[in-house]
Amino acid sequence: MSSIILFEDIFVVDKLDPDGKKFDKVTRIEARSQNCDMFMHLDVNTEVYPMHVGDKFTMALAHTLNLDGTPDTGYFTPGRKTLVDKYEYVMHGKLYKISDDASGKGLKAELYVSYGGLLMLLRGEASHVSHFELDQRIFLLMRKL
């Protein structure tokens, strides 16, 4: 299963809407990971998945929801076990920008993913995100701890 999950860590919400509230049903969370020291901005539909400052959650990025690693067909099959069964909030999107920054200590990388207009920025050590590719389809999976 580890080959299915491209990245996984535990995050803690530091701020909500750091640039001010833009939309009624969407909140941009600012969070930092505990193990990999990653920084994240993530737009979450808080009407269906409320988030608060101090919330601790696990976030995973995967290329498929199928436990056997086969590509996702885009169709729901009732009764079939998938990664979704282990999480509470799931989005599907496309990685549209990767950038590197060597100005500070170590090489940092930034991933930008759009989940149907809900955006994610993931920034941190390049080694944690080096296996991602531009235009890659990615599932984001979250579960509060």
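Position labels on residues start from 1 in each chain and follow its written sequence. Local features are withheld for residues below a pLDDT of 70 in this predicted model, meaning they are given only at 70 or higher, and side-chain atom pairs are given and counted only at 80 or more; totals for whole chains, interfaces and linings count all residues. Where side-chain values are given, they derive from all heavy atoms of the structure, hydrogens and water being excluded.

Going by the annotation in an unreviewed UniProt entry, the name recorded for the chain is DNA-directed RNA polymerases II, IV and V subunit 8B, with Hibiscus syriacus given as the source organism. UniProt positions are given in the numbering used here, feature names are shortened, and annotations may be inferred rather than shown by experiment. Turning to the chain, the UniProt record has this under Sequence similarities (unreviewed entry): "Belongs to the eukaryotic RPB8 RNA polymerase subunit family." Its UniProt record, at the heading Subcellular location (unreviewed entry), says of the chain: "Nucleus".

S.K.: Would you mind going over the nonpolar core with me for this structure?
M.R.: The nonpolar side chains of a soluble globular protein tend to be buried, and buried together. Residues belong to a common nonpolar core when they are buried Ala, Val, Leu, Ile, Met, Phe, Trp, Tyr or Cys residues joined through side-chain atoms within 4.5 Å. Accessibility here uses a 1.4 Å probe with only protein chains present; expressed as a share of the type maximum, an area under 20% marks a residue as buried, one over 50% as exposed, and anything in between as partly exposed. Ranked by size, the top nonpolar core spans 33 residues in total, and within it Phe-57, Met-59, Leu-61 and Leu-122 carry the most contacts. With sequence-adjacent residues up to four places away left out, Leu-122 is seen in contact with Phe-7, Phe-11, Met-38, Phe-39, Met-40, Met-59, Leu-61, Ala-109, Glu-110, Leu-111 and Val-129. Residues Ile-5, Leu-83, Tyr-87 and Phe-139 belong to the second largest nonpolar core, which totals nine residues. Two residues qualify as a contact provided that any one of their heavy atoms is within 4.5 Å of a heavy atom in the partner residue.

S.K.: What should I look at first to understand the side chain of Asp-9 in this one?
M.R.: Along the polypeptide, Asp-9 turns up in strand β1 (residues 5-16). Within the structure, the side chain of Asp-9 is placed 3.0 Å from the side chain of Asn-35, a separation counted as a polar contact. Of note is the side chain of Asp-9, whose polar atom sits 2.8 Å from the backbone nitrogen of Cys-36. If near-sequence neighbours (up to four positions away) are discounted, Asp-9 is found in contact with Ser-33, Gln-34, Asn-35, Cys-36, Asp-37, Phe-57, Thr-58 and Met-59. Numbering goes from the N terminus for both helices and strands, where a helix is a DSSP run of H or I of at least four residues and a strand is a run of E of at least two. Throughout this description, a polar contact denotes any pair of N or O atoms lying within 3.5 Å of each other; where both atoms belong to protein, one of them has to be capable of donating a hydrogen while the other can accept it, and for residues adjacent in sequence the pair is counted only when both atoms sit in side chains.

S.K.: Explain the environment of Gly-124 to me, please; I cannot follow it from the model alone.
M.R.: Of note, Gly-124 is situated in strand β7 (residues 118-125). When the C-alpha positions of Gly-124 and Pro-78 are compared, they lie 37 Å apart, and in sequence the two are 46 residues distant.

S.K.: Please explain the sheet that holds strand β5 (residues 89-101) as it appears in this structure.
M.R.: Hydrogen bonds between backbone groups are what pair the strands of a sheet, and the pairing can be parallel or antiparallel. Spatially, the eight strands close up into a barrel ordered β1-β2-β3-β7-β6-β5-β8-β4, and their pairing is antiparallel. Direction aside, neighbouring strands of the sheet carry axes that sit 35 degrees apart on average. At least two bridges found by DSSP between two strands are what make those strands a pair. Alignment of strand β2 (residues 26-33) against strand β3 (residues 39-45), held across seven bridges, turns out to be antiparallel. Among the inter-strand pairings, Ala-31 is bridged to a residue of β3, identified as Met-40. To define axes, lines are fitted to C-alpha atoms, for helices over the stretch in contact only, and angles between the resulting N-to-C directions are given on a 0 to 180 degree scale.

S.K.: What is the right way to read unusual backbone geometry from this model?
M.R.: Glycine aside, the phi torsion of most residues is negative, and most peptide linkages are trans. A positive phi is found at Asp-17, a non-glycine position, where the angle reads about 45 degrees. Along the chain, Asp-17 falls in the loop between β1 and β2. The phi dihedral of Asp-135 is positive, around 70 degrees, even though this residue is not glycine. If you trace the backbone, Asp-135 turns up in the loop between α1 (126-129) and β8 (137-144).

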